[in-house]
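Here's the letter readout for the chains.
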Number of protein chains: 2
Amino acid sequence: MRFAVAQSGGPTAAINASLAGVYEAVMELSRKYPNDERLRSNVVYGVRHGIQGLFNEKMINLQEALSNPHDLALLKKTPSSALGSCRFRLPDAEEDDSLYHKIRAALDRYQIDAFLYIGGNDSMDTVAKLSKWLKEQGSHIQVIGVPKTIDNDLEGTDHTPGFGSAVKYLNMTLQEIVRDCSVYQVQSVTIVEIMGRDAGWLTASSCLLRTNGEISPNFIYLPESDFTVAQFLSDVRDALKINHRVICAVSEGVRPPDADLFRSGENDEFGHAYLSGIGKYLEKQVQNHIGCKVRSVELNIMQRCSAHVCSFTDLCEAERCGKQAVLLAVAGESGKMVSMRRGEFYDIVYDNIPAEEAANKVRLFPKKWITPAGNQICDEAIDYFMPLIQGEVYPEMSHGMPMHFQF
Amino acid sequence: MRFAVAQSGGPTAAINASLAGVYEAVMELSRKYPNDERLRSNVVYGVRHGIQGLFNEKMINLQEALSNPHDLALLKKTPSSALGSCRFRLPDAEEDDSLYHKIRAALDRYQIDAFLYIGGNDSMDTVAKLSKWLKEQGSHIQVIGVPKTIDNDLEGTDHTPGFGSAVKYLNMTLQEIVRDCSVYQVQSVTIVEIMGRDAGWLTASSCLLRTNGEISPNFIYLPESDFTVAQFLSDVRDALKINHRVICAVSEGVRPPDADLFRSGENDEFGHAYLSGIGKYLEKQVQNHIGCKVRSVELNIMQRCSAHVCSFTDLCEAERCGKQAVLLAVAGESGKMVSMRRGEFYDIVYDNIPAEEAANKVRLFPKKWITPAGNQICDEAIDYFMPLIQGEVYPEMSHGMPMHFQF
């Protein structure tokens, strides 16, 4: 079989492990089934810059590019999308299918049997639309999605590859910020703004610090919590009566109804509003209404590309999801997204769902795990998050700095 | 001998290694010289919250607090000042020596022979003033300074403990940011704001990425560089003609004469102006005058407390500097700061200088290592920085998160 694989959307620390998983599965099946006419001479190409790259770029023969085992090992530990990425939405085929024809032509040119797309809920929209159109056109080309996002907001899967590593980075960094903020005797408020456009999974995971008897944030505010700026100020005031330093974890996507300025007003290519600045906004509120020392910290893009503190569990799962996509293609599936189901003691079963069930949808953090006051996370959530960050992955070093793979 | 040790100023990832070094040296000398009446029953106390803690807090008997070897090992890897810190300037004794009397009384109460102060150039002012006053008063109490700052701006020492770990964190993080910014095909500018109030050492060290054939920032702007906002915009415009993504490392302390807004206008306890926001300011300039995708990233306090990516060399040196302070005290010195001298192949010799030579002074990044255009760092600087980040230190983990020591 001939495969093409591409990466899409925002980078993560684990997205290249999924790419490596695809490559390894394709190669392994060839080795295992030397008498299977279909599998014995498998080929896999990498597509640069997501689905957009199909229009205008040469594909990379991964057997050639990854023939050195050392390169493959480095690839797994390299953050961000090694093939490049794109943010691009396929128009509805009923309205205009000219791009669909171009994509098909590109895939046909390389005689591709299965196109694997590693991405989030926008990418699953592409998987669903493209597989449907190809079937309707009578093409045999299959399309399979591999989940990826640090937001953990994909429907139909217990969690998403990339999330565990982001959780690990977040908690390590928060723990260090707590140490840093605790040294002075003066009253201080520290507001940490954490990624999560619509769903607060990553921000919520900061409750994990409790496990080691560490100081977790005094308050955790999610887009799913009902809270106002007035309540935030009242929370902080109360906490300052007991603690000299107060730490708040705030999701970038929170929308307190009484905040008058927290959107930049611009939209990205998908029409999502760019969110930024809630941390700075709340900092100003503390400055103006409480008046103590206050600092806001934006963890910014470091949250999604910090491969130097990956979760081993996350990288293994990301790789395995890539392999599962190959298995699904070999089984003749199309329009599916790989998913993970969790057993009683976290035994992960690799399964799949129709990609359209994940497309354009957002899985929110469960309300039942938010305290009634809307400013903390319940202990039950710890059992959910804890397995995701287990195990360390240390970067390979040269001259005291990590080595990354680049195509 | 009876010692007291305190930590002061901003936290670093290595300041607790110096504290551990003090403790270990004191204990080791007792063990080594059981027949030396002065050394055989050494005692060492930890003072909470710097020199301010002497006025109102109980000291911690470190033999009791650190008797468990596991705790001592954890302490070395714990970021930020485990004893707490302060930002406090001693008034001139000629004007008012009432605080000096209080300090002496506190030290006498615990029969302290030597007070060791781990800190930066403000703390060395305390060391110089206090030792001078104690001598004048006929007190036998000695005062020794141990250098510490991620800014690397202390006079009289090749570099400062804490700096190497900050450099390592900065370069790892920048490398990941470069990966993250390189995935899309659209033009983008990323501005990374790096700590350094008056001196650009840390920002300059981002040239290290060149060593592994990595992409180092297209432009590096320091407080020591002569550059204007107009030149910055022209630099970025030129670079965008060749690269689709441009990365600028900017020291928080840069003062382009044509920037109309980059100080918050407030001063800290030492009269230093709070600097913040140059990254956001330059982001706005790119938005308004160039108009491409632009993002500013502030590495914020993570730069000074990221113990999860320490430099082994830095931690060892920090510990050794603490030990050297004990040796100086045993040798009867006072008013001195431990310093490091570098040999041809980086063999560090532990030496000392009068604390007043470092007090309140700022050692700037050498102009000769800034390119004539004022926007890049010369290769010679790489030889200076490279040894400081060698060797990895991995945190001890529990439940997938690092363990920290707390008194």
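What counts as what
Starting afresh in each chain, residues are numbered from 1 along the sequence in its written order. Ligands are numbered from 1 and chains lettered from A, in the order in which they are written. In keeping with the predicted nature of the model, local features appear solely for residues at pLDDT of at least 70, side-chain atom pairs appear and are counted solely at 80 or more, and the whole-chain, interface and lining totals rest on all residues. The side-chain numbers reported here are obtained from all heavy atoms of the structure, hydrogens and water having been left aside. When the copies are superposed, the least-squares fit draws on C-alpha atoms of residues that have pLDDT of at least 70 in both. By definition, residues are in contact when any of their heavy atoms lie within 4.5 Å. Two strands pair if DSSP finds at least two bridges between them. The secondary structure listing takes helices from DSSP runs of H or I that are at least 4 residues long and strands from runs of E that are at least 2 residues long, numbered from the N terminus. The axes are straight lines fitted to the C-alpha atoms, using for helices just the contacting stretch, and the angles between their N-to-C directions are given from 0 to 180°. Helix crossings get a hand from a simple test, with the near helix turned counterclockwise from the far one by less than a right angle marking a left-handed crossing and a clockwise turn marking a right-handed one. Residue type decides the class: Asp, Glu, Lys and Arg count as charged, Ala, Val, Leu, Ile, Met, Phe, Trp, Tyr, Cys and Pro as nonpolar, and the leftover types, Gly among them, as polar. Cysteine sulfur pairs qualify as disulfides if the two atoms are within 2.5 Å. A simple rule labels every residue: compare its accessible area, found with a 1.4 Å probe on the protein chains alone, to the largest value its type can have, and call it buried under 20%, exposed over 50%, or partly exposed in between. Per-residue confidence from the predictor is reported as pLDDT, which spans 0 to 100. Throughout, buried area stands for the accessible area (probe radius 1.4 Å) lost by two parts on being put together, summed over both. What makes a salt bridge here is a side-chain nitrogen of Lys or Arg within 4 Å of a carboxyl oxygen of Asp or Glu, nothing more. Any pair of N or O atoms that falls within 3.5 Å is considered a polar contact. Within protein, one atom must be able to donate a hydrogen and the other to accept it, and sequence-neighbouring residues count only if both atoms are side-chain atoms. Any two rings among Phe, Tyr and Trp, with Trp reduced to its six-membered ring, count as a pair given centres within 6.5 Å; such a pair is stacked if its planes are under 30 degrees apart, edge-to-face if over 60, and tilted if neither. Remark: nonpolar core denotes a set of buried residues (Ala, Val, Leu, Ile, Met, Phe, Trp, Tyr, Cys) joined through side-chain atoms within 4.5 Å. With strands facing away from the observer, any crossover in which the path from the first strand over the helix to the second runs clockwise is taken as right-handed.

1. Notes on the relation of the copies chain A and chain B
For the pair chain A and chain B, the best superposition has an RMSD of 0.0 Å and corresponds to a rotation of 180 degrees with a translation of 0.0 Å parallel to the axis. Each copy turns onto its partner about a two-fold axis. Among all C-alpha atoms of chain A, that of A:E298 lies closest to the rotation axis, at 3.7 Å. A shared binding surface is used by both copies, with 100% of the interface residues of chain A retained as interface residues in chain B.

2. So, the sheet that holds strand β6 (residues 188-194) of chain B
Residue and element names in this part refer to chain B. Spatial ordering of the open sheet is given by β7-β8-β6-β11, a layout of four strands whose pairing is parallel. One side of each edge strand has no neighbouring strand; the edge strands of this open sheet are β7 (219-221) and β11 (293-298). On average, adjacent strands in this sheet sit at an angle of 15 degrees to one another, irrespective of strand direction. As paired strands, β6 and strand β8 (residues 245-251) are joined by seven bridges and run parallel to one another. When the sheet's bridge partners are listed, T190 is paired in β8 with I247. Its contacts with the sheet place helix α10 (residues 278-289) against β6, β8 and β11, and it is angled at close to 165 degrees to β6.

3. Quick look at the environment of B:P354
In this fold, B:P354 is placed in strand β14 (residues 348-354). Leaving out residues up to four positions away in the same chain, B:P354 has contacts with B:G335 and B:K336.

4. Notes on the packing of helix α1 (residues 15-32) of chain A against helix α4 (residues 69-77) of chain A
All names here are of chain A. In the contact formed by α1 and α4, the axes pass within 6 Å of each other and the chain directions differ by 145 degrees. The crossing of α1 and α4 is left-handed. Of the residues in α4, those in contact with N16, A17, L19, A20, Y23 and E24 of α1 are L72, L75 and K76. Within the contact of α1 with α4, the residues separate by chemical class into six nonpolar, one polar and two charged.

5. Comments concerning the state of the cysteines
Disulfides are covalent bonds that connect the sulfur atoms of two cysteines. According to the stated counting rule, one finds zero disulfides over all chains in the structure shown. A:C310 takes part in no disulfide bond, and the closest cysteine sulfur, belonging to A:C305, lies 10 Å away. Since its relative accessible area comes to 2%, A:C310 is described here as buried. As a non-bridged cysteine, B:C305 has A:C181 as the owner of its nearest cysteine sulfur, 7.8 Å distant.

6. So, the confidence of the model for chain A
Residue and element names in this part refer to chain A. Averaged over every residue, the pLDDT of chain A is 94; residues scoring 70 or more account for 96%. Here residues 262-269 is a poorly scored stretch, pLDDT under 50, and it has 20 contacts once near neighbours within four places are set aside; other chains count. Predicted as a complex, the structure gets a pTM of 0.95 and an ipTM equal to 0.94.

7. Considering the interface of chain A and chain B
Each side of the interface is counted separately: chain A has 62 residues, and chain B has 62 residues. With both sides pooled, the region where chain A packs onto chain B buries about 5300 Å², and carbon together with sulfur makes up 55% of that total. Sorting the residues of chain A by area buried against chain B places A:E176, A:Y184 and A:M401 first, and these three jointly supply 13% of that buried surface. Between chain A and chain B we count two salt bridges in total. Residues A:R304 and B:D180 are paired through a salt bridge, measuring 2.7 Å at the closest nitrogen-oxygen approach. The tally of links between chain A and chain B comes to 35 residue pairs in polar contact (both at pLDDT 80 or more). Looking at the side of chain A that touches chain B, the element that brings in the most residues is helix α7 (residues 163-181) of chain A, giving 11 residues.

8. Considerations on the packing of aromatic side chains
Under the criterion given, the structure shown has 31 aromatic pairs over all chains. On the numbers, 6.2 Å between centres and 5 degrees between planes, the contact of A:F365 with A:F385 is stacked. Residue A:F365 is located in the loop between α13 (355-358) and α14 (380-385), and its partner A:F385 is located in helix α14; the two are separated by 20 residues in the primary sequence. Seen from their ring centres, B:F405 and B:F407 are 4.9 Å apart, and the 90 degrees between their planes marks the pair as edge-to-face. Residue classification places B:F405 among the buried residues on the basis of a relative accessible area of 7%.

9. Thoughts on the nonpolar core
Of all hydrophobic cores here, the largest spans 162 residues; its most connected members are A:F3, A:F365, A:F385, B:F3, B:L116, B:F365 and B:F385. If we ignore the near neighbours within four places in the chain, the residues touching A:F385 are A:F163, A:W201, A:A204, A:S205, A:C207, A:L208 and A:F365.

10. Quick notes on the pattern of salt bridges
Residues and elements named next belong to chain A. Under the definition given, this model contains 46 salt bridges over all chains. Two residues, K76 and E319, come together in a salt bridge whose shortest N-O distance is 3.4 Å. Here the residue K76 occupies a position in helix α4, and E319 occupies one in helix α12 (residues 312-330), the gap between them amounting to 243 residues. Here the residues in one salt-bridge network are E24, K76, E319 and K323, joined through shared partners.

11. Quick notes on the pairing of strand β2 (residues 43-46) of chain B
All names here are of chain B. Neither face of β2 is open: one carries V43 and Y45, the other V44 and G46, and all of them are buried. Looking at chain direction, strand β1 (residues 2-7) and β2 are connected through four bridges and run parallel. Opposite R2, over in β2, you have V43 as the bridge partner. Read as a crossover between parallel neighbours, the route from β1 over helix α1 (residues 15-32) to β2 is right-handed. As paired elements, β2 and strand β3 (residues 60-61) share two bridges and run antiparallel to each other. Within the sheet, the bridge partner assigned to Y45 lies in β3 and is N61.

12. Some thoughts on the environment of B:Q137
Residue and element names in this part refer to chain B. Relative to the helices and strands, Q137 is located in the loop between α6 (121-136) and β5 (142-147). In this structure the C-alpha to C-alpha distance between Q137 and S251, which are 114 residues apart in sequence, comes to 43 Å. Apart from the residues lying within four places of it in its own chain, the contact partners of Q137 are D97, H101 and R104.

13. Some points on the sheet that holds strand β8 (residues 245-251) of chain A
Remark on secondary structure: sheet strands pair via backbone hydrogen bonds, oriented parallel or antiparallel. All names here are of chain A. With parallel pairing, the four strands of this open sheet are ordered in space as β7-β8-β6-β11. The open sheet has two free edges, formed respectively by β7 (219-221) and β11 (293-298), since each of these has just one partner strand. Across the sheet, the axes of successive neighbouring strands diverge by a mean angle of 15 degrees, strand direction being ignored. Running at roughly 165 degrees to strand β6 (residues 188-194), α7 makes contact with β6, β8 and β11 of the sheet.

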